[in-house]
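A structural walkthrough
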Amino acid sequence: MIIYGTCSKTIAGKKKYEGYNCPNCDNTQWETFGTMKYFDIYWIPIFLISRLAIIRCTNCKATFYEYDKKFPKEIAGQIKSSIFNLKNTIPKFTGLIIIASLIIWASIQSNIKDEKEYVYLENPMIGDFYVVKHRKALQNGGSEYRFRIMKVKSVSKDIVELIGSRCTYSMMIGPRDDIKSGKADNDNYYIDETINIQRSGLKQMKKIGTIYSVERQSENKDTKENFYLTKPMVNDFYIVNLSKMFKNVDSKCNYSIMRVRLVSKNAVELIISKIKYNLPTGSLKDIISGEANKDSYYTKKTIQILISGLIKLKEYGVICSVERQSEINN
Ligand SMILES: [Zn+2]
């Protein structure tokens, strides 16, 4: 239940007003007041409805509001400006200020998202999702908007190759959920046909609203991995590209696994796999199959690395990905 209503507040003026004869008692001395009426929700003033001047005879207490016939109209402005100031008026806009701040905040957030999406469209990556909006003709002659996912299948110098989802949705939330749940990762989710689009046209497609939003897969993984690297756990796997670390490593066969053996306050102790692969997926398969859980999979050597240095290793491309056991089992 929302509690709302109108509220009023009366402020006494400091100056007395003189020069108008009281219609009741002929007295010429008047006290002045100002009253504000405002709309509130949960007792937070949202906006001001009115501000009125009031005078009260010091003798007979006859009171006239600005809208009364007997109120001397010419002094209304003068009384109000002597009573109302920013200090006693602004707080009556509290709600409006809060609402305005929320709107501004939301629009800043959406601007940030927009800018990021334009950067993604300028630099498309395999696996990027574009939620696209298009009109679909209906049998009765009308049309409606449908949303579908287009996924970047390959990227060349000028062209991006896209595949489109089999299903379409009438609401934006449909494709979003499919991306979040991982459903959209699956190849079966898409039609076999591919569409080629000029890279240079992608931004324009967003401008006109055909591309409704852009989601980049790696982003979540990146945040999660950074978290894992700042809070390492025993048995975390790091798929590493050793040629980025050691110059004498053969750059053809350079992906191996490092497993966290010990974690102390500031450092981790790692063991390195005996087997190396051409591609990181080779190492990943060994992690998934459980092969990399065996101690015999590793050399006897250990390496100590400062926890604070792990993120740097990822930035330099030495650590290509981080896998945590509990996640693999799920
Ligand atoms: Zn009077």
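So, here's what we can say about the structure.

Thresholds applied
- Residues numbered from 1 in each chain as written.
- Predicted model: local features only at pLDDT ≥ 70, side-chain atom pairs only at ≥ 80, totals over all residues.
- Helix = DSSP H or I, 4+ residues; strand = E, 2+ residues; numbered from the N terminus.
- Buried ≥ 20, exposed ≤ 12 C-beta atoms within 10 Å, placed from the backbone.
- Contact = placed C-beta atoms within 7 Å.
- Pairing = 2+ DSSP bridges.
- Axes fitted to C-alpha atoms, helices over the stretch in contact; angles between N-to-C directions.

1. Side note on the overall build of the protein
A count of helices and strands for the protein gives nine helices and 15 strands. Based on the C-alpha atoms only, the size of the protein along its principal axes is roughly 110 × 65 × 35 Å. Across the 330 residues in the protein, those meeting the buried criterion constitute 22%. A sequence separation of at least 24 residues applies to 65% of the contacts in the protein between residues at least 6 apart.

2. Some details on the pairing of strand β8 (residues 159-165)
Consecutive side chains along a regular strand alternate between the two faces of the sheet. Relative to β8, strand β7 (residues 143-155) runs antiparallel, the two being bridged by five bridges. Along β8, the bridge assignment pairs Ser154 with Glu161. The turn joining β7 and β8, which pair antiparallel and follow one another in sequence, is formed by three residues. In terms of strand pairing, β8 meets strand β9 (residues 190-198) through six bridges, oriented antiparallel. Its bridge partner being in β9, Ile159 is matched across the sheet by Gln198.

3. Details of the sheet that holds strand β15 (residues 319-323)
Strand order across the open sheet formed by five strands is β14-β13-β12-β11-β15, with antiparallel pairing between neighbours. The open sheet has two edge strands with one neighbour each: β14 (298-306) and β15. Across the sheet, the axes of successive neighbouring strands diverge by a mean angle of 30°, strand direction being ignored. Sheet topology places strand β13 (residues 267-273) next to β14; six bridges connect them, and they run antiparallel. Paired with Val268 across the strands is Ile305, a residue of β14. Running over the sheet, helix α7 (residues 280-289) touches β11 (237-241), β12 (255-263) and β15 and is turned about 45° from β12.

Shape is all these values report; function is a separate question.
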